[in-house]
Amino acid sequence: EAEVASGSVRKLAATRAAETDPVYSPDGRYLAYLRSDDPPRATRDLGIVLLARPGGAERALPRTFDEQPDLLGFSADSSRLLFAENKGTRRLLYAMPVDGPPRIVWEPKTGVVGAARLSARGGHVAFVRESPAEAPEAYLLDLAGGEPARVSRANVDLPMPPLGETRRLRWKAPDGLEIEGLL
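Residues numbered from 1 in each chain as written. Predicted model: local features only at pLDDT ≥ 70, side-chain atom pairs only at ≥ 80, totals over all residues. Heavy atoms only, no water.

Concerning the overall build of the protein
Now for step 1: Across its full length, the protein holds 0 helices and 14 strands.
Now for step 2: Shown N-terminal to C-terminal, the secondary structure of the protein runs as helices and strands in the order β-β-β-β-β-β-β-β-β-β-β-β-β-β.
Now for step 3: Across the 183 residues of the protein, 34% fall into the buried class.
Now for step 4: Residue pairs at least 24 apart in sequence account for 24% of intrachain contacts in the protein once pairs closer than 6 positions are excluded.
Now for step 5: Considering the protein, the positive charge centre built from 25 side chains and the negative charge centre built from 26 side chains are found 1 Å apart. (Helix = DSSP H or I, 4+ residues; strand = E, 2+ residues; numbered from the N terminus. Buried < 20%, exposed > 50% of the residue type's maximum accessible area, 1.4 Å probe, protein only. Contact = heavy atoms within 4.5 Å. Lys, Arg positive; Asp, Glu negative; His and termini not counted. Charge placed at Lys NZ, Arg CZ, Asp CG, Glu CD.)

Okay, structure coming up:
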């Protein structure tokens, strides 16, 4: 962390783990970031760490479903961290309270959420949604509730070639892990 006026620098996260994607809360009370295992075992095996500011202790938040969250930022009231992450064959939007487990904010019935970005005030998430039967379009989700609104029509008039039906399948691996795929 750098103090602009004096030019002094203070280390906030200095372990052998990979520490990345820092995000400050709007009220300045927290710094959240992603941290790998120490030492790193995989390229994207990450947990969310919350550092109380100024000079407070850090604590690991509950692990996410896939342990590969993409932090978007804090909600407007600094009570939740928003992130996107895969679950099976879909990419969902989640909220992680600063004091509880993650919950799904929005899950598409079909397709995936991509290129998600949180608004500067933390009240809306913009993202691209697409599916095997729908070309990508931009959407805006009000975090106060409701369904996302499509805000682009860039690909609506594209002619769709004949496509086969896409089905989501689930099965158990020999070790009991549930696997999900598309057919």
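Some details on the pattern of salt bridges
Now for step 1: If you walk through the whole model with that rule in mind, you get 12 salt bridges.
Now for step 2: Residue Glu107 pairs with Arg90 through a salt bridge whose shortest N-O separation is 3.7 Å. A residue pair is termed long-range when its members are at least 10 positions apart, and Glu107 in the loop between β8 (103-106) and β9 (112-118) and Arg90 in strand β7 (residues 90-97) qualify at 17 residues.
Now for step 3: Arg170 serves as the salt-bridge partner of Glu178, at 3.7 Å between the closest nitrogen and oxygen.
Now for step 4: When its relative accessible area of 48% is taken as the criterion, Glu178 is described as partly exposed. (Salt bridge = Lys/Arg side-chain N within 4 Å of Asp/Glu carboxyl O.)

Quick notes on the sheet that holds strand β6 (residues 80-87)
Now for step 1: Ordered by their spatial adjacency, 4 strands build an open sheet running β5-β6-β7-β8, and the pairing between neighbours is antiparallel. Because the sheet does not close on itself, it has two edges, and the strands there are β5 (70-74) and β8. Here the strands of the sheet are splayed against their neighbours by 35° on average, with no regard to which way each runs. (Pairing = 2+ DSSP bridges. Axes fitted to C-alpha atoms, helices over the stretch in contact; angles between N-to-C directions.)

A word on the packing of aromatic side chains
What characterises a pair of aromatic rings is the spacing of the ring centres plus the angle enclosed by the ring planes.
Now for step 1: Applying the stated criterion across every chain, the model contains 4 aromatic pairs.
Now for step 2: Measuring from ring centre to ring centre gives 6.3 Å for Tyr30 and Phe74, while their planes differ by 10°; the resulting arrangement is stacked. Here Tyr30 is found in strand β2 (residues 30-36), whereas its partner Phe74 is found in strand β5, with 44 residues between them in sequence. One exposure class covers both Tyr30 and Phe74, and it is buried.
Now for step 3: Seen from their ring centres, Phe83 and Tyr94 are 5.0 Å apart, and the 5° between their planes marks the pair as stacked. With a gap of 11 residues between them, Phe83 in strand β6 and Tyr94 in strand β7 connect regions that are remote in the sequence.
Now for step 4: Every member of this aromatic cluster is reached through a ring pair, and the members are Trp106, Phe127 and Tyr139.
Now for step 5: Directly above the ring of Phe65 sits Lys87, whose terminal nitrogen or CZ lies 5.2 Å from the centroid. (Phe/Tyr/Trp six-rings, centres within 6.5 Å; stacked < 30°, edge-to-face > 60°. Lys NZ or Arg CZ within 6 Å of the ring centre and 35° of its normal.)

With respect to the pairing of strand β14 (residues 178-182)
Strand residues, when the strand is regular, have side chains that alternate between the two faces of the sheet.
Now for step 1: Pairing geometry for strand β13 (residues 168-172) and β14, over 5 bridges, is antiparallel. Considered in β14, the bridge of Leu169 is made with Gly181.

Quick word on the sheet that holds strand β12 (residues 149-150)
Now for step 1: With respect to topology, 4 strands assemble into an open sheet ordered β9-β10-β11-β12, the strand pairing being antiparallel. The strands lining the two open edges of the sheet, one partner per strand, are β9 and β12.
Now for step 2: In the sheet, β9 pairs with strand β10 (residues 124-131) via 5 bridges, with the strands oriented antiparallel. Bridge pairing in β10 links Leu118 to Val125.

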